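Read off the chains here:
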Number of protein chains: 2
Amino acid sequence: MKFNIRTHTCGELRENNIGTQVVLNGWVAIRRDLGGVIFIELRDRYGITQVVFEPSYNSTAHELGKKLRSEFVISIEGKVRKRPAGTENPSLETGNIDVMVDKLLILNQSETPPFPIENKIDASEDLRLKYRYLDLRRPDVQKDLLLRHKMYQITRKYFDSNSFIEIETPVLMKSTPEGARDFLVPSRLHKGKFYALPQSPQTYKQLLMVSGFDRYFQIVKCFRDEDMRADRQPEFTQIDIEMSFIDMENLFEIIEGLMKEFFKEIWNIELTTPIPRLSFDKAMEKYGSDKPDIRFGLEMVTLNSVFKNSDFRVFKDSISNNGVITGLLAKGCGDYTRNQLDVITDFVKKLGAGGLIWMRVKENDLEAPIAKFLSDDEKKNLIHEVKAETGDLLFLLTGNKLKTLSIMGSLRLEMAKRMGLINSDLKPALLWVTDFPLFEWDEETKRFYAMHHPFTSPRIEDIPLMESDPGKVKARAYDLILNGNEIAGGSIRIHDANLQAKMFNLLGISETEAKEKFGFLMNAFKFGAPPHGGIAFGFDRLAMIFAGRSSIRDVMAFPKTSSGLSLMDDSPANVDESQLTELHIRLKK
Amino acid sequence: MKFNIRTHTCGELRENNIGTQVVLNGWVAIRRDLGGVIFIELRDRYGITQVVFEPSYNSTAHELGKKLRSEFVISIEGKVRKRPAGTENPSLETGNIDVMVDKLLILNQSETPPFPIENKIDASEDLRLKYRYLDLRRPDVQKDLLLRHKMYQITRKYFDSNSFIEIETPVLMKSTPEGARDFLVPSRLHKGKFYALPQSPQTYKQLLMVSGFDRYFQIVKCFRDEDMRADRQPEFTQIDIEMSFIDMENLFEIIEGLMKEFFKEIWNIELTTPIPRLSFDKAMEKYGSDKPDIRFGLEMVTLNSVFKNSDFRVFKDSISNNGVITGLLAKGCGDYTRNQLDVITDFVKKLGAGGLIWMRVKENDLEAPIAKFLSDDEKKNLIHEVKAETGDLLFLLTGNKLKTLSIMGSLRLEMAKRMGLINSDLKPALLWVTDFPLFEWDEETKRFYAMHHPFTSPRIEDIPLMESDPGKVKARAYDLILNGNEIAGGSIRIHDANLQAKMFNLLGISETEAKEKFGFLMNAFKFGAPPHGGIAFGFDRLAMIFAGRSSIRDVMAFPKTSSGLSLMDDSPANVDESQLTELHIRLKK
């Protein structure tokens, strides 16, 4: 179909265009027929312009205009005019003008969409995902993807201007030891063999450092075949970064520069650097989380010293078992009812706490079920430590250290919500969390796992502890936290083949297994690996936060459901038996 | 290991740094021990700097310096000095200075590499691919990947500044009808079902147009499970582009703007636009190829009119069978020996020609085995048509049109090589090839196939021919050719659901099959699809040409072999039986 190419987009015309003959192409967003005059709000990605079909102006166009319905695609030709006084639409950037139509061409018709193409709709997410191509027409969704586009450009421009090289790493790679979560791809040319899709380009980026590329970055798709949780996707996007001949400080500086760009370009905020830092231990003690939301206070206080001589059995046991007693002061919540306190007690019990100790702070006293077990000194010191005042409410939890702190961390967030501390006025807050443990002990399998991944370097001063007391070894690892979300994580890597071998050994990865899975990396390390380190951002989550959304699906063009289905095209799908035969596989009955 | 972070890179120091105390980190490229003084050429991505260990300057450093070997990674501290007169190295940018070493730290040792880290090596490609991380250290290889990096940035900057939106499309998608070449990914969560890896984001980008994104681009990995040919890779990179409300002219203008940027930024050439265009028919007639190299002339001439009344049976038959008689004039080659002519005859016979007609152009005559079959008028007209002069050599081929033209096209390239017409002085030449046939007839299966893909729009004036004479229908398709390489191809798409259905029908894709495979696209078209079209560049090949290389493997960081093997990590590889069980598949015996 021949049609006139637009002279302007639907977001472009202003009063200085009045009198001009123009061509617009777009979708019928809204159609109104007022006493024989047809008003169409014509929409494209750039905006909305009102076009007018008036029988006395052009009766042919007006006649054809009667056929228009929502989402028809049209090309119109007409003259820009000033809108009659009183009919301006200040909510449109083009709202002072409209276009009197001389000529209309219907480029395509449209069935009635399953939901209206507007920002506020009440269609279910499943319906929106099935008709994602229509959902993507909604201006808010387009705005989010435009933001994502902008973030790509900011990222690449920043790294390019800092001498980083963008390098594409393979998508068809070798299955790794964390292979249980690998997506596999059967090879047709090599019978019985499989490629794996990368969970991250970790080994490749380390090889690039061995190759001397010095500074690498890539915005890259990664894949993880997990049992889906609410906000996970089988494929996701990372900003992947690696640098040579650096220490943590150099890397932090580079990343802080990137965050400055994002804050400036997206939120128009001048970010002050350096970004504050907190060790993992401190983060757990003060916020009960390794990704604390520090936009508000409500800090936890470790109270072991207050109760070090306590006769109260619960505290006594806890302290002698290397446990923790942690407190949280809810200012002005002393009037919480017994019922409210029961709800909160249930909240922590569901997270695994044995129970919740609460105390109402009264003038010169603490009102609490356990008050009778505490000495006057303990009460006084407690009030002093947590800076309690009359009318406050105090929560205490005790038990196994990490677990208890973590539960109190959840209660902290819950109380922040209840107390209205989390609101849109809060200034965004970034935080580095550092000095993670190198290993995590797994009670079930009775062995250590790498808290980050097996290439993470221990702190140099902790290397001697690796064999004597692995649990005490801190890693040169770091996470970047934004508003309580982990947006990036990384580490300085091991660049020494011997230290790497020791690490595999401690993780129970046998020499044979290490050789089979990572032999090429270990070999590479024999030919002069430089000191190096890096970091990777979860790009989808970052875009979600900058867009002010609560699901990463909102900032992905074609997301899958939490079980990995694409409702739009019904994938994954059945394939022909002949295809499987070519791939040398068959379905398991 | 603690070490001093570099103050400068190895490519940075100049005479104005003389006297400065500096720290350099890098690899030992060359080590020379001259009368007790050790000279090290220290290398990093940015260049090479000579550092000097002199016993009288610092005996400790000198002593340790004796241990250095090729590819050791070191950190040195020292003072920049002017090189003694006569020892400057003009081939290095840092060649007027060197650094007297005060302190040396060996950051990592290196075994002797399997091949030297320098540009000219004679290691086999297999060995280089196995140790790709060392191959990537060679300055020329790094240069190629830096060029590729630059091309990414040029591309994105260009499209961003032209209001294109970068959108990521899924990698885990639905298998398509060309599915035989799909890589499949078994689903763990959905038993017996499979994702496919995209051969291109074609359907997604068309959906994005239906969504109104108007201008889309992406640099994106694509996958094709082909029987490997010399320069194919199972995964490759595309620049993918789609636009709405446009015709071919708009798209050409945008793409020509991109090529201007590339030519300017990479080759420092001001590209003149518009880029010349040639229809598929003309390209075949003049160059015997749909991707002609027009950097040199040597054009073919169709001679049917010369021989329209010929009594020579070969020509007569050919003309009556709708065949072609095509000629190629090799200027000044009239002295080719009988032996040379036999070799050339063999060349075309191997390509499927029945034989080759050659004629030596003599003064007022043609000397040729077939001369006796030609009338004087035919000889005269022939000489006139091909502009032959004494001393020239003339080749004629006749037979089935496309096949014969194509063989002559190969001979044209062969003769261009023999005549020395292809050399590095040639100016690069771009060309649009347009008006491709919509369908290709397959003699074997006796049916039509889409020459591009089933979404390509026919020329509007040809739509009536679709049923009456499909072979005559021209497509609104176009390829962009650079120096005889197809670097991009695209088309204006069908945006009408009915026309698309007709197209599927003509291609023998049943309604059920079309619905199952493309139902979501057909559905999307019911809700107001705009006119749209696009193009995709083969990024690897483009980078190869700009880098002046002859294999795409040279411009990929971690390429696979022609059979899809990664020699570095031995993938594809065996996986555990338990992994297959989880994926509900088993190996076929």
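## Some remarks on the overall build of chain A
When you go through chain A residue by residue, the secondary structure sums to 16 helices and 23 strands. Based on the C-alpha atoms only, the size of chain A along its principal axes is roughly 95 × 75 × 55 Å. Across the 589 residues that make up chain A, the buried fraction comes to 57%. Here the analysis covers contacts within chain A between residues at least 6 apart in sequence; of these, 68% occur between residues at least 24 apart. Accessible surface for chain A amounts to roughly 24,700 Å². Of this, 48% is attributable to carbon and sulfur atoms. Between the averaged position of the 81 positive side-chain charges in chain A and that of its 84 negative side-chain charges there is a distance of 2 Å.

## A few points about the domain arrangement of chain A
Taken as a whole, chain A is organised into domain 1 (15-108), domain 2 (142-277 + 430-556) and domain 3 (296-418). Here the C-alpha centroids of domain 1 of chain A and domain 2 of chain A sit 52 Å apart.

## Description of the packing of aromatic side chains
The full count for this structure, using the stated rule, is 46 aromatic pairs over all chains. Ring plane angle 75 degrees and centroid distance 5.5 Å describe the contact between Phe245 of chain A and Trp27 of chain B, whose orientation is recorded as edge-to-face. Remark: Trp27 of chain B occurs in strand β1 (residues 21-34) and Phe245 of chain A occurs in the loop between β10 (235-244) and α6 (248-267); the pair is interchain, linking two chains. As far as the burial class goes, Phe245 of chain A and Trp27 of chain B line up, both buried. Geometrically, the ring pair formed by Trp441 of chain A and Phe448 of chain A is edge-to-face, given 4.9 Å between the ring centres and 70 degrees between the ring planes. Put simply, the rings of Tyr158, Phe159, Phe164 and Phe217 of chain A pair up and form one aromatic cluster. Here Arg447 of chain A stacks its cationic end above the ring of Tyr449 of chain A, 4.0 Å away from the centre of that ring.

## So, the relation of the copies chain B and chain A
Superposing chain B onto chain A requires a rotation of 180 degrees together with a translation of 0.0 Å along the rotation axis, leaving an RMSD of 0.1 Å. Within this description, the copies of the chain are treated as partners about a two-fold rotation axis.

## Remarks on the sheet that holds strand β15 (residues 365-367) of chain B
To summarise the sheet geometry, strands pair through backbone hydrogen bonds and adopt either a parallel or an antiparallel arrangement. All names here are of chain B. Spatial ordering of the open sheet is given by β12-β13-β16-β14-β15, a layout of five strands whose pairing is antiparallel. The open sheet has two free edges, formed respectively by β12 (300-302) and β15, since each of these has just one partner strand. The sheet shows a mean angle of 30 degrees between the axes of neighbouring strands, direction not considered. Bridge count for β12 against strand β13 (residues 324-330) is three bridges, and the pairing is antiparallel. Bridge pairing links Thr302 to Thr326 in β13. Seen against the sheet, helix α9 (residues 338-350) touches β14 (357-362) and β16 (393-399) and runs at an angle of roughly 145 degrees to β14.

## Some thoughts on the environment of Ile241 of chain B
Here Ile241 of chain B is to be found in strand β10 (residues 235-244). Remark: the alpha-carbon pair of Ile241 of chain B and Gly534 of chain B, spanning 293 residues in sequence, is separated by 5.3 Å.

## Quick notes on the sheet that holds strand β22 (residues 532-538) of chain B
All names here are of chain B. Taken in spatial order, the eight strands make up an open sheet running β6-β9-β10-β22-β21-β20-β17-β11, and their pairing is mixed. Each edge of the open sheet is held by one strand with a lone partner, namely β6 (165-166) and β11 (277-279). In the sheet, strand β17 (residues 430-434) pairs with strand β20 (residues 477-482) via five bridges, with the strands oriented antiparallel. Note that in β20 the partner of Trp432 across the bridge is Leu480. Sitting on the sheet, helix α5 (residues 202-210) touches β9 (215-223), β10 and β22, and the angle it makes with β10 is about 20 degrees. The sheet strands contacting helix α7 (residues 280-287) are β11 and β17, and the helix crosses β11 at an angle near 90 degrees.

## Considerations on the interface of chain B and chain A
Every contact between the two is made by 128 residues of chain B and, on the other side, 128 residues of chain A. Taken over both partners, the interface formed by chain B and chain A buries close to 11,500 Å², and the fraction arising from carbon and sulfur atoms is 58%. Seen at the junction of chain B and chain A, the total is 12 salt bridges. We note a salt bridge from Arg156 of chain B to Glu166 of chain A, for which the minimum N-O separation is 2.6 Å. Taken together, the links from chain B to chain A amount to 69 residue pairs in polar contact (both at pLDDT 80 or more). Broken down by element, the side of chain B that touches chain A gets its largest block of residues, nine residues, from helix α4 (residues 139-161) of chain B. Split into classes, the residues belonging to the side of chain B that touches chain A amount to 63 nonpolar, 31 polar and 34 charged. Looking at chain direction, strand β23 (residues 585-587) of chain A and strand β23 (residues 585-587) of chain B are connected through three bridges and run antiparallel. The residue of β23 of chain B that forms the bridge with Leu587 of chain A is Ile585 of chain B.

## Quick word on α4 of chain B
With 23 residues, α4 of chain B extends 33 Å from end C-alpha to end C-alpha; this agrees with the ideal 33 Å at 1.5 Å per step. One or two positions beyond α4 of chain B, positive phi appears at Ser163 of chain B, with a value near 65 degrees.

## Looking at the pairing of strand β4 (residues 73-82) of chain B
Walk down a regular strand and you will see the side chains alternate between the two sheet faces. All names here are of chain B. In the sheet, β1 pairs with β4 via seven bridges, with the strands oriented antiparallel. Along β4, the bridge assignment pairs Gln21 with Lys79. The pairing of β4 with strand β5 (residues 97-108) spans 10 bridges and is classified as antiparallel. Paired with Ile74 across the strands is Ile106, a residue of β5.

## Quick look at the environment of Phe245 of chain A
Of the residues examined, Phe245 of chain A reaches a relative accessible area of 1% and is grouped as buried. Sequence spacing of Phe245 of chain A and Arg215 of chain A is 30 residues, and the spatial spacing of their C-alpha atoms is 9.6 Å. Excluding anything up to four places from it in sequence, Phe245 of chain A contacts Asp214, Pro530 and Pro531 of chain A together with Phe3, Ile5, Arg6, Asn25, Gly26, Trp27, Val73 and Leu107 of chain B.

Reading the values: rules and limits
Residues numbered from 1 in each chain as written. Chains lettered and ligands numbered in written order. Predicted model: local features only at pLDDT ≥ 70, side-chain atom pairs only at ≥ 80, totals over all residues. Heavy atoms only, no water. Helix = DSSP H or I, 4+ residues; strand = E, 2+ residues; numbered from the N terminus. Buried < 20%, exposed > 50% of the residue type's maximum accessible area, 1.4 Å probe, protein only. Contact = heavy atoms within 4.5 Å. Areas by Shrake-Rupley, 256 points an atom, 1.4 Å probe, with all protein chains shown as cover. Lys, Arg positive; Asp, Glu negative; His and termini not counted. Charge placed at Lys NZ, Arg CZ, Asp CG, Glu CD. Domains from an automatic or database assignment. Phe/Tyr/Trp six-rings, centres within 6.5 Å; stacked < 30°, edge-to-face > 60°. Lys NZ or Arg CZ within 6 Å of the ring centre and 35° of its normal. Least-squares fit on C-alpha atoms with pLDDT ≥ 70 in both. Pairing = 2+ DSSP bridges. Axes fitted to C-alpha atoms, helices over the stretch in contact; angles between N-to-C directions. Buried area = accessible area lost by both parts, 1.4 Å probe. Salt bridge = Lys/Arg side-chain N within 4 Å of Asp/Glu carboxyl O. Polar contact = N/O pair within 3.5 Å; in protein donor to acceptor, adjacent residues only side chain to side chain. Nonpolar A, V, L, I, M, F, W, Y, C, P; charged D, E, K, R; others polar. Expected span 1.5 Å × (residues − 1).

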